[in-house]
Amino acid sequence: MKIYVNGVEREGAYTRLSELWAEQSRENEIASPRGFAMAVNGELVRRDQWDSTPVAAGDRIEIVRAFAGG
């Protein structure tokens, strides 16, 4: 199935947002989701809902990291 992650088309067999996060964190060597947020089709998804949030073909998912500073 095709989805878009941060604007880049991606193929995968994800059923839940947490599966996508697991793959992304492995690929990018991220130890913890602390400081990260995800949105599906423009709607913010709370971290405690990542495991229950389905991923469907064509979804546009944004993964962002908060940085302090100014």
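Right, let's walk through the structure included here. What you are looking at is a predicted structure, and each value in this text was computed from that prediction instead of being measured. (Residues numbered from 1 in each chain as written. Predicted model: local features only at pLDDT ≥ 70, side-chain atom pairs only at ≥ 80, totals over all residues. Heavy atoms only, no water.)

We now examine the pattern of salt bridges. The tally for this structure, following the rule as stated, stands at 6 salt bridges. Its salt-bridge partner being Glu9, residue Lys2 comes within 3.7 Å of it at the nearest N-O pair. A salt bridge links Glu27 to Arg10; its shortest N-O distance comes to 2.8 Å. Taken together, the residues Glu27 in helix 1 (residues 17-27) and Arg10 in strand 2 (residues 8-11) connect sequence positions 17 residues apart. (Salt bridge = Lys/Arg side-chain N within 4 Å of Asp/Glu carboxyl O. Helix = DSSP H or I, 4+ residues; strand = E, 2+ residues; numbered from the N terminus.)

We now examine the environment of Ser25. Considering the arrangement of structural elements, one finds Ser25 in helix 1. Judged by relative accessible area, which is 13%, Ser25 ranks as buried. (Buried < 20%, exposed > 50% of the residue type's maximum accessible area, 1.4 Å probe, protein only.)

What follows concerns the packing of aromatic side chains. For any pair of aromatic rings, the description rests on two quantities: the centre-to-centre distance and the angle between the ring planes. Counted according to the given criterion, the structure contains 2 aromatic pairs. Centroid distance Trp21 to Trp50: 5.3 Å. Interplanar angle 45°. Geometry classified as tilted. With Trp21 in helix 1 and Trp50 in the loop between strand 4 (43-45) and strand 5 (60-65), this residue pair connects regions lying 29 residues apart in the sequence. The class for Trp21 is buried, based on a relative accessible area of 9%. When the ring centre of Tyr4 is taken as reference, the NZ or CZ atom of Arg60 above it lies at 4.2 Å. (Phe/Tyr/Trp six-rings, centres within 6.5 Å; stacked < 30°, edge-to-face > 60°. Lys NZ or Arg CZ within 6 Å of the ring centre and 35° of its normal.)

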